[in-house]
Amino acid sequence: MPDARDKAPLLGLGLVWQQLAVGQRFRSFGRTVTEHDLMGFVALTGMQEPLFVDATHTGALGPRPVPGALTHALIEGLLLRGMVHGTGLALLETHIRPLAPVSVGDTIHAEVEVTAIRPTSTGGRAVVACAVRVRNQREEAVMDYDVTRLLRGESTP
């Protein structure tokens, strides 16, 4: 027999596709990139490039740049928590365009626009496409990417 807890809304749940509309916009929280983020990421991925692991190295990107893949991963983490946590079923496609360096100490956030919604023929799901613009603390665009996800619907378990 279900109790009252079963009917209580789940905090932190992302949006189902029926809650989205083409043209709808969102802004994520910001996230400051730390030295720990950089070192953990390069250790995990094997990107032991002097550009990333030698603090005395200053190249064309300036001091303490981070891999574009790290910038993308941090933003995806923010978007997952805020937009598709528990409602995202699959990442189907992404096209990433780095625009400017991100360095340790920068604070990044995302601006998201829903660009397409295509309900699937079965399962109550939809393919949802979004354009994501990543900006730093100076509101400079540092990365753009297009992402397509499969999201559950209101009736999808």
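Reading guide: rules and limits
- Residues numbered from 1 in each chain as written.
- Predicted model: local features only at pLDDT ≥ 70, side-chain atom pairs only at ≥ 80, totals over all residues.
- Heavy atoms only, no water.
- Helix = DSSP H or I, 4+ residues; strand = E, 2+ residues; numbered from the N terminus.
- Buried < 20%, exposed > 50% of the residue type's maximum accessible area, 1.4 Å probe, protein only.
- Contact = heavy atoms within 4.5 Å.
- Areas by Shrake-Rupley, 256 points an atom, 1.4 Å probe, with all protein chains shown as cover.
- Lys, Arg positive; Asp, Glu negative; His and termini not counted.
- Charge placed at Lys NZ, Arg CZ, Asp CG, Glu CD.
- Salt bridge = Lys/Arg side-chain N within 4 Å of Asp/Glu carboxyl O.

Trainee: Where do I start with the overall build of the chain in this structure?
Mentor: Secondary structure summary: the chain contains 3 helices and 8 strands in total. Shown N-terminal to C-terminal, the secondary structure of the chain runs as helices and strands in the order β-β-α-α-β-β-α-β-β-β-β. In terms of its C-alpha atoms, the chain occupies a principal-axis envelope of roughly 60 × 35 × 30 Å. Looking at the 157 residues of the chain, the share that counts as buried comes to 36%. Here the contacts in the chain between residues at least 6 apart in sequence split such that 71% fall between residues at least 24 apart. Summed over all atoms, the accessible surface of the chain reaches about 9000 Å², with 59% contributed by carbon and sulfur. Of the side chains in the chain, 15 bear a positive and 16 a negative charge, and the two mean positions are spaced by 6 Å.

Trainee: Help me out: how do you make sense of the pattern of salt bridges in this one?
Mentor: Pairing is possible between side chains that carry opposite charge, provided their charged atoms lie close to one another. What the rule picks out here adds up to 10 salt bridges. Notably, a salt bridge pairs Arg-27 with Glu-111, separated by 3.5 Å at the nearest N-O pair. With a gap of 84 residues between them, Arg-27 in strand S1 (residues 25–27) and Glu-111 in strand S6 (residues 107–119) connect regions that are remote in the sequence. Of the charged contacts, one joins Glu-76 and Arg-149 as a salt bridge, the two residues approaching to 2.8 Å between their closest N and O atoms. Of this pair, Glu-76 sits in helix H3 (residues 68–84) while Arg-149 sits in strand S8 (residues 141–151), and the two are 73 residues apart along the sequence. Overall, the relative accessible area of 9% leaves Arg-149 in the buried class. Several salt bridges share partner residues, and in doing so they unite Arg-27, Glu-111, Arg-135 and Glu-139 into one network.

Note that all results are geometric; they support no functional claim without further evidence.
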